[in-house]
Amino acid sequence: MGRIWSCVFQNTNLVVGLDHPIHLHGHDFHIVGTGFGNFDEEKDPLSYNLVDPPLRNTVTVPISGWTAIRFKAINPGVWFMHCHFEHMPPC
């Protein structure tokens, strides 16, 4: 508890060409970065906003892009993280 967690969501656009709203239960998180194309773990963190990043519990991952979040795990338990779309095959 109290550990800082970082997570990068990559939207590959392989199945559905949509922005994806990702929601985390039990915590709010800071949106520290977003971009298009594949996330580059050496280059992209250099542009993170670590001064005044927005605090949310849902973030949009752009089509063919990525979004990076950070949060402090201060709420014990198991918490669900999910996309707010139902991914159903076409009828």
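In case you missed it, the structure is sitting above this.
Quick caveat, the model's predicted, so the values are computed rather than measured.

A.B. asks: Explain the pairing of strand E6 (residues 65-72) here, please?
C.D. replies: One face of the sheet, then the other: side chains in a regular strand alternate in exactly this way. Summarising burial for E6: six of the eight residues are buried, a large majority. With seven bridges joining them, strand E1 (residues 4-10) and E6 adopt antiparallel strand pairing. In the sheet register, Ser6 faces E6, and the bridge partner there is Arg70. As defined by bridge partners, strand E3 (residues 29-36) adjoins E6 across six bridges and the pair is classed as antiparallel. Its bridge partner being in E6, Gly35 is matched across the sheet by Trp66.

A.B. asks: How should the sheet that holds strand E2 (residues 20-24) be read in this particular structure?
C.D. replies: Through backbone hydrogen bonds, the strands of a sheet pair up, either in parallel or in antiparallel fashion. Ordered by their spatial adjacency, three strands build an open sheet running E5-E2-E7, and the pairing between neighbours is antiparallel. Two strands in the sheet have a free side with no partner beyond their single neighbour: strand E5 (58-61) and strand E7 (81-83). If you compare each strand with its neighbour and ignore which way they point, the axes differ by 25° on average. Relative to E7, E2 runs antiparallel, the two sharing three bridges. Residue pairing in the sheet places His23 in a bridge with His82 of E7.

A.B. asks: Explain the pairing of E3 here, please?
C.D. replies: Across two bridges, the pairing between E3 and strand E4 (residues 55-56) is antiparallel. Paired with His30 across the strands is Leu55, a residue of E4.

A.B. asks: Just checking my understanding: could you explain the pattern of salt bridges for this structure?
C.D. replies: Any two side chains of opposite charge can pair, on the condition that their charged atoms come close. Under the definition given, this model contains one salt bridge. Notably, a salt bridge pairs Asp44 with Lys43, separated by 3.9 Å at the nearest N-O pair. For Asp44, a relative accessible area of 10% puts it in the buried group. The class of Lys43 is exposed, set by a relative accessible area of 52%.

A.B. asks: Just to check I follow, could you spell out the packing of aromatic side chains for this structure?
C.D. replies: Aromatic rings considered in pairs are described by the distance between their centres and by the relative angle of their planes. If you walk through the whole model with that rule in mind, you get one aromatic pair. With 4.9 Å between their ring centres and 75° between their planes, Phe39 and Trp66 make a pair best called edge-to-face. Taken together, the residues span a long stretch of sequence, with Phe39 in the loop between E3 and E4 and Trp66 in strand E6 at a distance of 27 residues. The buried category is assigned to Trp66, whose relative accessible area is 2%.

Each value, and the rule that gives it
- The residue numbers shown here count from 1 along each chain, following its written sequence.
- For a predicted model such as this one, the threshold for reporting local features is a pLDDT of at least 70, and the threshold for listing and counting side-chain atom pairs is 80 or more; totals across whole chains, interfaces and linings nevertheless cover every residue.
- Working from all heavy atoms in the structure, the side-chain values ignore hydrogens and water.
- A simple rule labels every residue: compare its accessible area, found with a 1.4 Å probe on the protein chains alone, to the largest value its type can have, and call it buried under 20%, exposed over 50%, or partly exposed in between.
- For helices the rule is a DSSP run of H or I covering at least 4 residues; for strands it is a run of E covering at least 2, with both sets numbered from the N terminus onward.
- For two strands to be treated as a pair, DSSP must find at least two bridges joining them.
- Every axis in this analysis is a line fitted to C-alpha atoms, fitted for helices over the stretch in contact. Angles between the N-to-C directions lie between 0 and 180 degrees.
- By definition, a salt bridge exists where a carboxyl oxygen of Asp or Glu is found within 4 Å of a side-chain nitrogen of Lys or Arg.
- Pairing of aromatic side chains here covers Phe, Tyr and the six-membered ring of Trp, requires ring centres within 6.5 Å, and sorts the geometry by plane angle: under 30 degrees stacked, over 60 edge-to-face, intermediate tilted.

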